[in-house]
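An overview of the molecular structure
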Amino acid sequence: MPDPATLLQTGCLISLAVLLVAAAWQDLRTLHIGNGLSIAIAALFCVWALAGLSAGVYSVTNLALAVGCAVALFLLGAAAFAVGLLGGGDVKLLASVGLFAGPALVVDLLLVMAVSGGVLGAAVLAGVPLGPVSGQGGATLRGRLRARMPYGPAISAGGLWVATKLAIG
């Protein structure tokens, strides 16, 4: 039987997956990601990291690097927010998922997020109704290009990839 720390970490990764699906769904429905989801993911990371530290499978150095990665993602996301490319909820979700990714999986996170975002963007251009029902201009290509796009599902896809990689070791 696996040790309690491993079971706790596995439970944290399952909880992370549930929270990511909830964030994606909430963003698709409302174009808003509640702060509670990002806070819950960050708190979950604390439990996951402490379990790893206690089991000796995670180091203080890894913890510091993960926090540094999350800060870098937050700053990158804040710059994207400043120019209107991401919403505030997206930035917070990205940073909280970045805690789990750390430097070892941040490239995976960003690549899966970019590909998923590209698929979302293509869907919006094709006229697939994503997010709340758009106004009158949503039927035209110009209207679709100006529409806000929920990016939480793309960030969540990247986060699910990270959770899977962490779970399989």
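Above: the structure in question.
Let me begin by describing the structure that accompanies this report. Only a predicted model underlies this, so the values are computations on that prediction, with no experimental measurement involved. (Residues numbered from 1 in each chain as written. Predicted model: local features only at pLDDT ≥ 70, side-chain atom pairs only at ≥ 80, totals over all residues. Heavy atoms only, no water.)

Observations regarding unusual backbone geometry
Keep in mind that most residues, glycine aside, have a negative phi and that most peptide bonds are trans. A positive phi angle, close to 55 degrees, is found at L31, a residue other than glycine. Summarising the element assignment, L31 is placed in the loop between α1 (4-30) and α2 (35-55). (Helix = DSSP H or I, 4+ residues; strand = E, 2+ residues; numbered from the N terminus.)

Points about a nonpolar patch on the surface
Taken together, the side chains of V67, V71, F74 and L75 present a nonpolar region at the surface, about 350 Å² in accessible area. Mapped onto the secondary structure, V67 falls in helix α3 (residues 60-82). With a relative accessible area of 39%, V67 lands in the partly exposed category. (Patch = residues over 30% accessible without salt bridge, like charges linked within 9 Å, V, L, I, M, F, W, Y side chains within 5 Å. Areas by Shrake-Rupley, 256 points an atom, 1.4 Å probe, with all protein chains shown as cover. Salt bridge = Lys/Arg side-chain N within 4 Å of Asp/Glu carboxyl O. Buried < 20%, exposed > 50% of the residue type's maximum accessible area, 1.4 Å probe, protein only.)

Section: the pattern of salt bridges
As enumerated under the stated definition, the model contains one salt bridge in all. In this structure, D108 and K165 form a salt bridge, with 3.8 Å as the shortest nitrogen-oxygen distance. Remark: K165 occurs in helix α6 (residues 152-168) and D108 occurs in helix α4 (residues 88-125); sequence separation between them is 57 residues.

Things to note about the nonpolar core
Formed by 37 residues in total, the largest nonpolar core has its most connected members in L16, I41, F45, W48, L93, F100 and L109. Elements that contribute at least two residues to this core include exactly α1, α2, α3, α4 and α6. The greatest single-element share of this core, amounting to 12 residues, is contributed by α4. Not counting chain neighbours up to four residues away, the residues in contact with L109 comprise L73, L94, V97, G98, A101, I155, G158, G159 and V162. (Core = buried A, V, L, I, M, F, W, Y, C linked by side-chain atoms within 4.5 Å. Contact = heavy atoms within 4.5 Å.)

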